[in-house]
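Residue-level structure breakdown
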Amino acid sequence: MSKTRQSTLLNDYHLLSYDQLDSTNAESRRLAGGGASHGAVFWAKRQSAGRGRMGREWVSSEGNLYVTVLISPTVALEKCPQLSFVAALAVAETLEGIVPEPEKVACKWPNDVLVGGKKIAGVLLEAFTTKEMGLEKQWIAVGVGINVDNFPEHVMFPATCLRAEGVELISAKIVLSRFIHHFIALYDLWAAKGFAPIEKAWLKRAHQLGKAVEVIVGDAQVHGVFEGIDASGCMLLRDKKKNISTINAGDVFYKEPA
Ligand code: BTN
């Protein structure tokens, strides 16, 4: 693993950049409370062990964006899953300013961003603690992958990248800078006003809202109409008897023609 590190400031954030890491989330965990504090941004050009949701691999070849923002939360831990919506919304706003048809950008529950129905980005939140002078300190690694130059072919959901969407002249570093700009603004909004404005803006872009979906939760299949999200970021599904169930993790598949 090449750990050559450059330490600079990006939009006032402490930026730690690397040619290669195993995973930016893993590095943020190693440095939390030591070389890095709240708001540090970890950026790698490649990852050798990029992590996706549900223990999946995140293929991380050069050309795409791999970034983690290290957060020392000031709110109750139960509210921290909301950060994945803050990050997904920041990605959506970033992409809306880049792609030729911004209306094609959508947020897919729980943490994906799509362009034209294809996955272009994902968010992985990881919580951990460190001990400082006997005191436990809570951290959240907000990991974001955005396909800029390439995308994996053989994946569960169809994928895309900015280049395939007609955006040729953009680098991962420019996308990083724009993403951080949006993330800071939305993080500050979340810290000041809570989840409501984030939820509203996310729902405005929500893929499949009001549509019949199938959610795979472990070995089970759950069917219903996607009604929205709750304060923990759980998906609200309405069944035929109008009962609402709450799903906290799963893969969503679309059931109706678009
Ligand atoms: C998903 O499964 O959709 C989430 C993917 C998150 C990938 C990013 S890339 C930067 C950060 N480091 C990792 O190892 N994973 C996240």
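How each quantity is defined
Residues numbered from 1 in each chain as written. Predicted model: local features only at pLDDT ≥ 70, side-chain atom pairs only at ≥ 80, totals over all residues. Heavy atoms only, no water. Buried < 20%, exposed > 50% of the residue type's maximum accessible area, 1.4 Å probe, protein only. Helix = DSSP H or I, 4+ residues; strand = E, 2+ residues; numbered from the N terminus. Polar contact = N/O pair within 3.5 Å; in protein donor to acceptor, adjacent residues only side chain to side chain. Contact = heavy atoms within 4.5 Å. Core = buried A, V, L, I, M, F, W, Y, C linked by side-chain atoms within 4.5 Å. Near = heavy atom within 4 Å. Areas by Shrake-Rupley, 256 points an atom, 1.4 Å probe, with all protein chains shown as cover. 1 Å grid on protein atoms, 1.4 Å probe; cavity = no way out; pocket = protein on both sides within 12 Å on 5 of 7 lines; lining within 4 Å. Sits in = over half its atoms within 2 Å of the grid points. Nonpolar A, V, L, I, M, F, W, Y, C, P; charged D, E, K, R; others polar. Axes fitted to C-alpha atoms, helices over the stretch in contact; angles between N-to-C directions. Parallel < 35°, antiparallel > 145°, perpendicular 65-115°, else oblique. Left-handed = near helix turned anticlockwise from the far one by under 90°.

Moving on to helix α1 (residues 24-31). The buried count for α1 comes to six of eight residues, which makes it a mostly enclosed element. Buried within α1 are the following residues: Thr24, Asn25, Ala26, Glu27, Ser28 and Leu31. With a side-chain oxygen positioned 3.2 Å from the backbone nitrogen of Asn25, the residue opening α1 is Ser23.

Take the environment of Cys234 next. Within the secondary structure layout, Cys234 lies in the loop between β10 (220-229) and β11 (235-238). With 198 residues separating them in the primary sequence, Cys234 and Ala36 have C-alpha atoms 31 Å apart. Residue contacts for Cys234: discarding those within four places in its chain leaves Trp109, Gly228, Ile229, Thr246, Ile247 and Asn248.

This part is about the nonpolar core. Most often, soluble globular proteins have nonpolar side chains that are buried together. Counting residues in each nonpolar core, the largest one holds 60 residues, and the members touching the most others are Leu162 and Phe183. Setting aside its immediate chain neighbours within four residues, Leu162 contacts Leu95, Ile98, Val99, Ile120, Asn147, Val148, Val167, Ile170 and Val175. Within the second largest apolar cluster, 13 residues are counted, among which are Leu16, Leu21, Ala32 and Ala44.

Moving on: the site of the ligand. Taken together, 20 residues form the shell around the ligand, and within it Ser23, Gln47, Arg51, Arg53 and Lys119 come nearest. Contacts to the ligand include Thr24, whose side-chain N or O atom sits 3.0 Å from a nitrogen atom. At a separation of 2.6 Å, an oxygen atom of the ligand approaches a polar side-chain atom of Lys119. Contact with the protein chains covers 97% of the free accessible surface of the ligand, which is 410 Å². Applying the majority rule of atoms within 2 Å of the grid points places the ligand in the largest pocket. Of the residues forming the shell around the ligand, the biggest block, four residues, is contributed by strand β7 (residues 118-132). The class makeup of the residues in the shell around the ligand is six nonpolar, 10 polar and four charged.

For the pair helix α2 (residues 82-96) and helix α3 (residues 172-193), the least separation of the axes is 8 Å and the interaxial angle reads 135°. In this view, α2 runs oblique relative to α3, as classed from their interaxial angle. The element α2 and its partner α3 pack so that their crossing is right-handed. Only Val175, Arg178, Phe179, His182, Phe183, Leu186, Tyr187 and Trp190 of α3 make contact with α2, whose side of the interface consists of Gln82, Leu83, Val86, Ala87, Leu89, Ala90, Val91, Glu93 and Thr94.

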